[in-house]
Structure formats: C-alpha cells, structure tokens
Amino acid sequence: MKPNPMQKHETFILDTLLPIVAAHARAIGASSEESAMAAFLALGTVLQSKGFSDSDLLTAIKVSRLGVHAQPEGMQ
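Notes on the structure follow.

## Section: the environment of H24
Of note, H24 is situated in helix α1 (residues 10-28). Relative accessible area serves as the criterion here: at 43%, H24 is assigned to the partly exposed category. Once the C-alpha coordinates of H24 and A36 are considered, the two residues, 12 residues apart in sequence, prove to be 9.6 Å apart.

Right, dumping it as structure tokens:
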C-alpha cells in the first residue's frame, strides 16, 4: 500500500506547527481557534496566489475531516 503523502508532514504539524499556534494565542490573549484561523487564512492566501482554486481548498478541507476516534488525543 502506498503511504499517504501527507504523512511525511505529520510530525511537523503535531510537534511544531500546532504548538506554535497555541503558544502565539496564549502570548496575545487570543483563543487557539482564533490564531489557527488567522494562520489558515494566511496560508490559504499563499496557496491561492500559487494557483490553488477556492474549489481545491474547499475540497481539501472536506476530505481532511477526521472522525472523533481518528483524531490525535489533544483534539478529541
């Protein structure tokens, strides 16, 4: 079975990116959801400028949903 290409980014996302977003939220007195949304919007803007369409991004969001039991412990 061919591995999911996103798996190579899992360690970075869980060990680096999410803790940075959470630490930033704490530092400015915002919710982690607010900081995550700000990062999401900025990254979405970058991706759109690189040719990803609204449809591409919406599809990525829809297919990335995790069932509760499949989510990492801290996200349940």
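## So, the packing of α1 against helix α2 (residues 32-49)
It is at 8 Å that the axes of α1 and α2 come closest, and there the two elements cross at 120°. Relative to α2, the element α1 is oriented oblique. In this structure, α1 crosses over α2, and the sense of that crossing is right-handed. Seen from α1, the contacting residues are V21, H24 and A25; seen from α2, they are S32, S35, A36 and A39. Per-class residue counts for the contact of α1 with α2 are four nonpolar, three polar and no charged.

About the criteria used
Residues numbered from 1 in each chain as written. Predicted model: local features only at pLDDT ≥ 70, side-chain atom pairs only at ≥ 80, totals over all residues. Heavy atoms only, no water. Helix = DSSP H or I, 4+ residues; strand = E, 2+ residues; numbered from the N terminus. Buried < 20%, exposed > 50% of the residue type's maximum accessible area, 1.4 Å probe, protein only. Axes fitted to C-alpha atoms, helices over the stretch in contact; angles between N-to-C directions. Parallel < 35°, antiparallel > 145°, perpendicular 65-115°, else oblique. Left-handed = near helix turned anticlockwise from the far one by under 90°. Contact = heavy atoms within 4.5 Å. Nonpolar A, V, L, I, M, F, W, Y, C, P; charged D, E, K, R; others polar.

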